[in-house]
Amino acid sequence: MSTDLTPQAVPDAALQPAEQPAAQQQTVTRYRTGQPAHSVQDWLAQEVPVAMVYNGISHAVMMASPSDLDDFGRGFSLAEGIVDHAGQIYDLDIQHTEEGIALHITIASAAFDRLKQKRRSLTGRTGCGVCGTESLAMLAQQVPPPVQGADVSLQALLQALQALPAG
C-alpha cells in the first residue's frame, strides 16, 4: 500500500478570505535549449508575509509558507533566542489580515523584557526585502504595486543572469 504525499491545494471556496494553501498547482512552461518545449501542471510553493507579534508588540515580518504557522512561530522564537525554551511560550494565536498573517505570541515576562532590551533589525541581506520588516503595516507602505502586464523575454532573463557576479 502506498500513501500519496502530494500536497493538495484546498479549493478556493473552502478558504477563509486571507488563507492560502502551502502549495498550488499551476501551469508552467518547460524550456529546452532556450526554447519553450511544453506546458505541464506543477506544484508551486506559496509564501506570505508573517508578522511575529510578541505580547502585543510587532517584532519582525518574515516570508513563510502559510501552513504549520504554529511550528514556525515556536521555532522562530527559539532559534532567535527570544525564548530560552518552549515553556516560555504561553499562547500563539494566528490572525489572517489583508496584509498577511500575524502570529500573536504571548511569552514569559522575563523573555519579553530581554526582547525589549535587545531589539534589533532582522532585515534580510538578500531577497525581496520583506524579511525583517517590523510590522505588516510598514510592509504595505514600502512595497510598490506590481507593474501590470510586464513581460520579460527569455533572452532578457538569461542576459540578466549572466550579468550577476559569480559566487
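It should be noted that the structure appears before, not after, this text.
What this report covers is the structure whose coordinates are included nearby. As the structure is a computational prediction, the values presented were derived from the model and not from experiment.

Here we take up unusual backbone geometry. Outside of glycine, negative phi angles account for most residues, and trans bonds account for most peptide bonds. If you check the backbone angles, N55 has positive phi at about 45° while not being a glycine. Mapped onto the elements, N55 comes out in the loop between β3 (48–54) and β4 (57–64). Assessed through its relative accessible area of 30%, N55 is described here as partly exposed. At D68, a residue that is not glycine, the phi angle is positive and equals roughly 55°. Note that D68 resides in the loop between β4 and α1 (69–79). Look at D68 and you get exposed, because its relative accessible area is 57%.

Here the focus is a nonpolar patch on the surface. Among the surface-exposed residues, V152, L157, L158, L161 and L164 lie close enough to one another that they form a single nonpolar patch of about 490 Å² accessible area. When you line up the elements, L164 lands in the segment after α4 (154–163).

Looking now at the pattern of salt bridges. The tally for this structure, following the rule as stated, stands at 4 salt bridges. D70 is the salt-bridge partner of R74, the closest N and O atoms lying 2.9 Å from each other. Within this pair, R74 and its partner D70 are both found in helix α1, separated by 4 residues, close to a single helical turn. Its relative accessible area of 28% is what places R74 among the partly exposed residues. For D70, a relative accessible area of 29% translates into the label partly exposed. Note that R114 is salt-bridged to D84, the shortest N-O span being 3.4 Å.

The rules we used
Residues numbered from 1 in each chain as written. Predicted model: local features only at pLDDT ≥ 70, side-chain atom pairs only at ≥ 80, totals over all residues. Heavy atoms only, no water. Helix = DSSP H or I, 4+ residues; strand = E, 2+ residues; numbered from the N terminus. Buried < 20%, exposed > 50% of the residue type's maximum accessible area, 1.4 Å probe, protein only. Patch = residues over 30% accessible without salt bridge, like charges linked within 9 Å, V, L, I, M, F, W, Y side chains within 5 Å. Areas by Shrake-Rupley, 256 points an atom, 1.4 Å probe, with all protein chains shown as cover. Salt bridge = Lys/Arg side-chain N within 4 Å of Asp/Glu carboxyl O.

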